[in-house]
Amino acid sequence: MKFAVLADIHGNSFALEAVLQDMDALGVTDAVNLGDFFSGPIDAAKTASILMERDFASVRGNHDRYLIEQDPTNMGPSDRVALDQLSEQHLQWIADLPTTRTVFDDVFLCHATPRSDSTYWLERVENNGVVRPASLAEVKAEADGVDASLILCAHTHIPRCVRLPDGRVIVNPGSVGCPAYDDDMPVYHYMQTGTPNASYALLERHHGEWNVTFRSVLYDAKQASDCALLNERRDWARALQTGWFEE
Ligand SMILES: [Fe+2]
């Protein structure tokens with residue numbers, strides 16, 4: 001059994017199409033999707049039509065929740081621009097998704113951590129805004145009580161694989177469509193992969209153990225960046241084209 005793990009597409013239909021082509025070339029047809037599908041100044045409607053047609057097993061991310069929970073006048077600009085592009089049918093598709101689910105008997109899907117859609121897990125932010133890998137104790141604490149051989153998480157956009165001493169494997173596939181961003185919570189910080197490529201992961205079970213392959217897919221990021229500029233988001237445009245948030 002082999003399947004792809006997609007996450008944090010953030011409305012980037014160009015990156016999503018490149019990932020789907022990469023999967024096709026590798027003969028991979030099955031995938032799961034860990035949420036934050038639409039939020040961003042690119043093409044939420046096209047992203048929604050692709051995802052609804054593919055119907056991958058999916059969980060909702062924090063930005064998906066904001067789209068169906070928040071008053072539009074209080075939304076952040078990346079959520080608001082996506083909301084304006086989405087139909088009632090797209091929003092209902094989000095509303096019908098779970099926040100966590102188990103697939104393939106013992107593969108657990110969540111957006112951020114098993115108990116939260118908005119808490120960093122495999123990375124942590126220090127009080128001075130520096131991002132560091134989480135310690136073993138920090139990673140273990142969030143995995144407490146999750147009965148699965150493979151736990152899939154996203155949200156920080158950083159591709160990473162961690163194996164706990166008890167054998168459970170935790171994988172963050174990175175972000176399909178948003179390689180770098182900044183955030184004010186819990187303190188100002190930025191996340192960056194340092195490449196504009198679209199990230200996702202391939203998982204394959206061999207004799208009960210998980211083999212993980214990270215894919216970093218080249219695509220025409222200028223098309224996505226041009227959409228961001230049309231929506232007056234120079235920060236997104238630069239991050240999409242370079243993979244860096246810092247200048
Ligand atoms: Fe997220």
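Below: a short report on this structure. (Residues numbered from 1 in each chain as written. Predicted model: local features only at pLDDT ≥ 70, side-chain atom pairs only at ≥ 80, totals over all residues. Heavy atoms only, no water.)

### Points about the overall build of the protein chain
Going by this rule: Starting at the N terminus, helices and strands are each numbered in turn, a helix being any DSSP run of H or I of at least four residues and a strand any DSSP run of E of at least two. Within these notes, the globule rule equals 2.2 Å times the number of residues to the 0.38 power, and the radius of gyration is based on C-alpha atoms. The contact rule is simple, with two residues in contact once any of their heavy atoms fall within 4.5 Å.
On a plain count of helices and strands, the protein chain comes out with eight helices and 14 strands. In summary, the protein chain has a C-alpha radius of gyration of 17 Å against a globular reference of 18 Å for 247 residues, a match within 12%. Judged by the C-alpha coordinates and their principal axes, the protein chain covers about 50 × 45 × 35 Å. When contacts within the protein chain are restricted to residue pairs at least 6 apart in sequence, long-range pairs at least 24 apart make up 68% of them.

### Describing the packing of helix 1 (residues 13-26) against helix 2 (residues 44-54)
Formally: Here an axis means a line fitted to C-alpha atoms, over the contact stretch when the element is a helix, while the angle between two N-to-C directions is reported on a 0 to 180 degree scale. Working definition: roughly parallel below 35 degrees, roughly antiparallel above 145 degrees, roughly perpendicular at 65 to 115 degrees, and oblique for all remaining angles. Put simply, a crossing is left-handed when the front helix is turned counterclockwise from the back one by less than a right angle, and right-handed when it is turned clockwise. Lys, Arg, Asp and Glu make up the charged group, whereas Ala, Val, Leu, Ile, Met, Phe, Trp, Tyr, Cys and Pro make up the nonpolar group; the residues left over, Gly among them, are polar.
Where helix 1 contacts helix 2, the axes come no closer than 9 Å and their chain directions differ by 30°. With respect to helix 2, the element helix 1 is oriented roughly parallel. Crossing of helix 1 over helix 2 shows left-handed handedness. Where helix 1 approaches helix 2, its residues Ser13, Leu16, Glu17, Leu20 and Asp24 are matched on the opposing element by Lys46, Thr47, Ile50, Leu51 and Arg54. Its residues assigned to classes, the contact of helix 1 with helix 2 comprises four nonpolar, two polar and four charged.

### What to know about the coordination of the iron ion
Put simply, the rule is: In this listing, donors mean N, O and S atoms no farther than 2.8 Å from the metal, or 3.2 Å for Na, K and Ca; water is missing from the atoms, so a site can look incomplete. Sites are called tetrahedral only when four donors show all angles between 85 and 135 degrees, square planar or octahedral only when four or six donors show opposite pairs over 155 degrees and all other angles between 65 and 115, and irregular in any remaining case. Summary of the burial criterion: residues with accessible area below 20% of their type's maximum are buried, those above 50% are exposed, and those between are partly exposed, where the area comes from a 1.4 Å probe applied to protein chains only.
For the iron ion, every protein donor is listed as Asp36 (OD), Asn62 (OD1), His111 (NE2) and His155 (ND1), and the spread of their distances is 2.2 to 2.4 Å. Around the iron ion sit four donor atoms, and with donor-metal-donor angles ranging over 85 to 173° the site reads as irregular. For the iron ion, the single-chain donor residues occur in sequence as D-x25-N-x48-H-x43-H. One end of the pair, Asp36, is in the loop between strand 2 (31-33) and helix 2; the other, Asn62, is in helix 3 (residues 62-69), and 26 residues separate them in sequence. For the pair Asp36 and Asn62, one class covers both residues: buried.

### Observations concerning the sheet that holds strand 1 (residues 2-6)
Cut-off, in case you're wondering: Following DSSP output, two strands are said to pair if at least two bridges run between them.
Taking strand neighbours across the sheet as the criterion, the five strands line up as 3-2-1-13-14 in an open arrangement whose pairing is mixed. The open sheet terminates on both sides in strands that have one partner only, identified here as strand 3 (57-58) and strand 14 (209-217). Direction of pairing for strand 1 relative to strand 13 (residues 198-206): antiparallel, over a ladder of four bridges. Its bridge partner lying in strand 13, Ala4 is registered against Leu202.

### Details of helix 5 (residues 88-95)
Stated formally: What the arc describes is the spread of directions from the helix axis to the C-beta atoms.
The complete set of buried residues in helix 5 reads His90, Leu91, Trp93 and Ile94. Down the axis of helix 5, the sector holding all buried residues measures 150°, keeping them to one side. Structural note: helix 5 exposes Glu88 and Gln89 on the side pointing more than 90 degrees away from its buried face. Looking at the packing, one finds that the buried side of helix 5 touches helix 2, helix 3 and helix 4 (77-85).

### Points about unusual backbone geometry
A cis amide bond links Met185 to the next residue, Pro186, at an omega of -5°. With respect to the secondary-structure elements, Pro186 resides in the loop between strand 11 (180-183) and strand 12 (189-192). The backbone of Asp8 shows a phi angle near 50°, a positive value even though the residue is not glycine. Residue position: Asp8 is located in the loop between strand 1 and helix 1.

Purely geometric stuff here, so don't read any function into it on its own.
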